[in-house]
Amino acid sequence: MVVPCLLVLSYAFFQRGVWGGVEYTFTLENFARVVDPLYAKIFLNSARIALTATVVAILIAYPAAYAISRAPRMTQPILLFFAVLPFWSNYLIRTYAWIVLLNREGLINNLLRTLGYTGEPLSMLYTESAVIIGLVYNYLPFVILAIYSTLSRLNPELMEASRDLGAGPVRTFLRVTLPLTLPGVAAGGVFVFVLSIGNFVTPALLGGGRFQMVGNLVYDQFLTANDWPFGAALGAALILTMIVLLLLQARATAHASGERKAEAER
Amino acid sequence: MSAALSRKLPGRIVLLLVFGFLYLPIAVLVLLSFNDSGLPTSWSGFSTRWYGALVANTDILRAAWNTLIVAVFATVISTVLGTLLALGMETRRRKSNGLEALAFAPMVIPDIVLAVALLTFFSRLGLAMGLHTIIISHVIFDLAFVCSVVRARLKHFDFSIVEASRDLGASGWTTFWRVTFRVLLPSIVAGALLAFTLSVDEFIIAFFTAGAGRSSITLPMQIYSMIRFGITPEVNALATVVMGVSATALLISQWLNREQQVP
């Protein structure tokens, strides 16, 4: 029992050591640079792209998770498994697949030409939309999983009760189902947002390096500019963003379950 | 009947669209890997020439070999440590949230931050980068996943059989080896396969902790550099092989997890 505990402690020390080590060398100057308009703009831009990807992912994942939760009980695990399976294939390969599809000589442009489209091939690759598609595609399975897990835990009697009380399907969904599954939506959303904002592979490959995101900036600071303290400050800002979001999400979940408990007591 | 059908129809359409979105890109890659021209512009006949090119490419072979070394070492070390960690956490009387948070932090921290953290840490130690630093990094990353898989099994573990074993005169070690370990084995293997898959696929951390030389390049790093140069048909074949390997490992891991739910 002592060994694993020591191990945990040593690993704890591992990460702290890293951050402590970095802290030694930095003054507040690096943080001042993070909020410098030039870099703050990149941060805000990344946040915008990440937020768009998050919203799109939720809009696709919710109906999918809902449809899975409505499928026959026996097929649900199978559907779920196949929804998550792509998530386990290599991230780079999944991103590369979109290069093949979106390329000027790619499959979609070819298909358009076969269908009789004669204009200039569409430039879909190396655009912000391509980056967003890549992010949505890569993180969608997880959002489906997160939303499904709250949907499947939902008591169907609640929906029946709502129907019995005269609410239509739309109203039942908006007033009962949706609010009760918001924790799942929040969990999935935070996941997409956090991973998107720090991502550097997707912007580098699908954005063609034209779209600087925080991840690319961190990458550049460490591997190109060799400005480690500043890169570390950016990383710290990322972590801080993540912690704030996770805390907010935990709060929202606690709030939602608290409400449910209060309702049950009534 | 028709009413029931029309109620189910929207759900089916949604699923069809979403699954289409998820699998179309992958299917296209697999299909292209068997295309003689290897380019998405046209289908010029079935061919396995890109797989041949793969086997003849020494860069790729070395990368594959490096990946295998990293994955095997990282899997063995993280499985042993992860299992011990899970046991330690579960048998502790007082649950410590801080400890849990620390053990699972690598699962939630953005990859790039973890990668950068490890890079700075290794260079602080004055450690030369290479395959060994990738292995150490992967152990840290995999550990959390192994630990969580084993812990899930431990949640349903009946500790009275451990007591029974002790009452019947078995020593602590014998009890662990003949009772606890046997019960946990399926989830340990599942955790190990998960660690292996993650390690084979992991790119960002390996990229940062590999150092400058080309000698410690892994497959994902090789794929990344190939993709950056544009579309090369070989990548299609490589992608298909890598996806096949991870899917197989995952299916076995799933199957093992399913087995343990039966009793």
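Source: prediction; values computed, not measured.

**Focus on the overall build of chain B**
Okay, step 1: Helix and strand counts for chain B stand at eleven helices and zero strands.
Okay, step 2: Nonlocal contacts in chain B, meaning residues at least 24 apart in sequence, comprise 70% of its contacts between residues at least 6 apart.
Okay, step 3: Per element, the accessible surface of chain B, about 12,700 Å² overall, is 68% carbon and sulfur.

**Thoughts on the overall build of chain A**
Okay, step 1: Check the secondary structure of chain A and you find twelve helices and zero strands.
Okay, step 2: Reading chain A from its N terminus to its C terminus gives the helix and strand order α-α-α-α-α-α-α-α-α-α-α-α.
Okay, step 3: Here chain A holds 266 residues, and the buried ones make up 48% of them.
Okay, step 4: Of all intrachain contacts in chain A linking residues separated by at least 6 positions in sequence, the fraction that spans at least 24 positions is 71%.
Okay, step 5: Summed over all atoms, the accessible surface of chain A reaches about 13,500 Å², with 67% contributed by carbon and sulfur.

**Examining the pattern of salt bridges**
Residue and element names in this part refer to chain B.
Okay, step 1: Following the criterion strictly, the structure yields three salt bridges over all chains and no others.
Okay, step 2: Ionic pairing is found between Asp36 and Arg49, a salt bridge with its closest N-O pair at 3.8 Å. Of this pair, Asp36 sits in the loop between helix H1 (2-33) and helix H2 (49-56) while Arg49 is found in helix H2, placing the two residues 13 residues apart along the sequence.
Okay, step 3: Overall, Arg49 belongs to the partly exposed group, its relative accessible area being 43%.
Okay, step 4: The salt bridge involving Asp59 is made with Arg62; its shortest N-O contact spans 3.8 Å.

**Considering unusual backbone geometry**
Residues and elements named next belong to chain A.
Okay, step 1: With phi around 60°, Tyr126 is a residue other than glycine that occupies positive phi space.
Okay, step 2: Examined against the element boundaries, Tyr126 turns out to sit in the loop between helix H6 (107-114) and helix H7 (128-152).
Okay, step 3: The partly exposed category is assigned to Tyr126, whose relative accessible area is 36%.

**Quick word on the nonpolar core**
In a soluble, globular protein the nonpolar side chains are often hidden away together inside.
Okay, step 1: Ile144(A), Phe200(A), Val201(A), Ile112(B), Phe203(B), Phe208(B) and Tyr224(B) are the most contacted members of the largest nonpolar core, which totals 137 residues.
Okay, step 2: The element best represented in this core is helix H3 (residues 37-70) of chain A, accounting for 15 residues.
Okay, step 3: Apart from the residues within four sequence positions on either side, Phe208(B) is in contact with Phe200(A), Tyr219(A), Phe222(A), Leu223(A), Ile112(B), Ala115(B), Val116(B) and Leu119(B).

**Digging into the side chain of Thr95(A)**
Okay, step 1: Within the secondary structure, Thr95(A) sits in helix H5 (residues 91-102).
Okay, step 2: Classification of Thr95(A) by relative accessible area gives buried; the value is 1%.

**Brief notes about the side chain of Thr67(B)**
Okay, step 1: The topology assignment puts Thr67(B) in helix H3 (residues 58-91).
Okay, step 2: If near-sequence neighbours (up to four positions away) are discounted, Thr67(B) is found in contact with Val200(B), Thr218(B), Leu219(B) and Pro220(B).

**Focus: helix H6 (residues 131-154) of chain B**
Residue and element names in this part refer to chain B.
Okay, step 1: With 24 residues, H6 ought to run about 34 Å at 1.5 Å a step, and its terminal C-alpha atoms sit 33 Å apart, in line with that.
Okay, step 2: At Asp142, H6 shows its largest bend, some 30°.
Okay, step 3: Of all 24 residues in H6, 19 are buried, a share of seventy percent or more.

**A word on helix H11 (residues 214-224) of chain A**
Okay, step 1: For H11(A), a buried count of eight out of eleven residues is recorded, marking the element as mostly surrounded by other parts of the structure.
Okay, step 2: When we look at burial in H11(A), the residues that qualify are Val214(A), Gly215(A), Asn216(A), Leu217(A), Val218(A), Tyr219(A), Gln221(A) and Phe222(A).

**Focus: the environment of Phe207(B)**
Okay, step 1: Here Phe207(B) is to be found in helix H9 (residues 204-209).
Okay, step 2: Between the C-alpha atom of Phe207(B) and that of Pro220(B), which follows or precedes it by 13 residues, the distance is 8.6 Å.
Okay, step 3: Setting aside chain neighbours within four positions, we find Phe207(B) in contact with Phe200(A), Tyr219(A), Leu223(A), Met221(B) and Tyr224(B).

**A few points about the packing of helix H8 (residues 156-164) of chain A against helix H9 (residues 169-197) of chain A**
Residues and elements named next belong to chain A.
Okay, step 1: At a minimum axis distance of 10 Å, the contact between H8 and H9 shows a crossing angle of 145°. Read as a crossing pair, H8 and H9 show a hand that is right-handed. Residue-level inspection shows Leu158, Met159, Ser162 and Arg163 of H8 in contact with H9, the latter providing Pro169, Thr172, Val176, Thr177 and Leu180.
Okay, step 2: Tallied by class, residues from the contact of H8 with H9 come to five nonpolar, three polar and one charged.

**A closer look at the confidence of the model for chain B**
Okay, step 1: Chain-level statistics for chain B give a pLDDT mean of 82 and a share of 85% at 70 or above.
Okay, step 2: The least confident element of chain B, judged by mean pLDDT, is helix H4 (residues 97-108) of chain B at 67; the most confident is H3(B) at 90.

**A few points about the confidence of the model for chain A**
Okay, step 1: Within chain A, residue pLDDT values average 78, and 81% of them lie at 70 or more.
Okay, step 2: Note on residues 1-26 of chain A: pLDDT under 50 across the span, and 38 contacts to partners over four residues away in sequence or across chains.

**A look at the packing of aromatic side chains**
Aromatic ring pairs are reported here in terms of the distance separating the ring centres and the angle at which the planes meet.
Okay, step 1: What the rule picks out here adds up to 29 aromatic pairs over all chains.
Okay, step 2: Look at Phe19(B) and Tyr23(B): their rings are 6.4 Å apart centre to centre, the planes differ by 10°, and that puts the pair in the stacked class. Of this pair, Phe19(B) and Tyr23(B) both sit in helix H1, separated by four residues, roughly a single helical turn.
Okay, step 3: Residue classification places Tyr23(B) among the partly exposed positions, given a relative accessible area of 24%.
Okay, step 4: Geometrically, the ring pair formed by Phe34(B) and Phe46(B) is stacked, given 5.3 Å between the ring centres and 10° between the ring planes. Taken as a pair, Phe34(B) in the loop between H1 and H2 and Phe46(B) in the loop between H1 and H2 lie far apart in primary sequence, twelve residues in all.
Okay, step 5: On the basis of relative accessibility, which here comes to 24%, the residue Phe34(B) falls in the partly exposed class.
Okay, step 6: Members of the aromatic cluster, connected to one another through ring pairs, are Phe200(A), Tyr219(A), Phe203(B), Phe207(B), Phe208(B) and Tyr224(B).
Okay, step 7: Here the basic side chain of Arg49(B) rests over the ring of Trp50(B), its NZ or CZ set 4.3 Å away from the ring centre.

What counts, and where the lines are drawn
- Here, residues in each chain are numbered from 1, in the same order as that chain's written sequence.
- Lettering for chains starts from A, numbering for ligands starts from 1, and both go in the order in which the items are written.
- Thresholds applied to this predicted model are a pLDDT of at least 70 for local features of residues and 80 or more for the giving and counting of side-chain atom pairs; totals over whole chains, interfaces and linings are not thresholded and use all residues.
- Here the side-chain values reflect all heavy atoms present in the structure, with hydrogen atoms and water set aside.
- Helix numbering and strand numbering both begin at the N terminus, where a helix is a DSSP run of H or I of at least 4 residues and a strand a DSSP run of E of at least 2.
- Throughout, a contact is declared for two residues whenever any of their heavy atoms are within 4.5 Å.
- Where accessible areas are quoted, they stem from the Shrake-Rupley method and a 1.4 Å probe; at the residue level, only the protein chains shown are allowed to cover.
- Relative accessible area decides the class of each residue, using a 1.4 Å probe on protein chains only: under 20% of the type maximum gives buried, over 50% gives exposed, and in between gives partly exposed.
- Put simply, a salt bridge is a Lys or Arg side-chain nitrogen that is within 4 Å of an Asp or Glu carboxyl oxygen.
- The nonpolar core is taken to be a set of buried Ala, Val, Leu, Ile, Met, Phe, Trp, Tyr and Cys residues, with the residues joined through side-chain atoms within 4.5 Å.
- Multiply 1.5 Å by the residue count of a helix minus one, and that product is the helix's expected span.
- Consider a residue and the seven residues that end there alongside the seven that start there; fitting an axis to each set, the bend is the angle between those axes.
- Helix axes use the C-alpha atoms of the stretch in contact, all axes being lines fitted to C-alpha atoms, and the angles between their N-to-C directions lie in the range 0 to 180 degrees.
- Throughout, a crossing is termed right-handed when the near helix is turned clockwise from the far one, and left-handed when it is turned anticlockwise from it by less than a right angle.
- The residue classification treats Ala, Val, Leu, Ile, Met, Phe, Trp, Tyr, Cys and Pro as nonpolar and Asp, Glu, Lys and Arg as charged. All others, Gly included, are polar.
- For every residue, the predictor assigns a confidence score, pLDDT, that lies between 0 and 100.
- Whether two aromatic rings pair depends on their centres lying within 6.5 Å, for rings of Phe, Tyr and Trp, where Trp uses its six-membered ring; planes under 30 degrees apart make the pair stacked, over 60 edge-to-face, and the rest tilted.
- Criterion for a charge above a ring: Arg CZ or Lys NZ at most 6 Å from the ring centre, at most 35 degrees from the ring normal.

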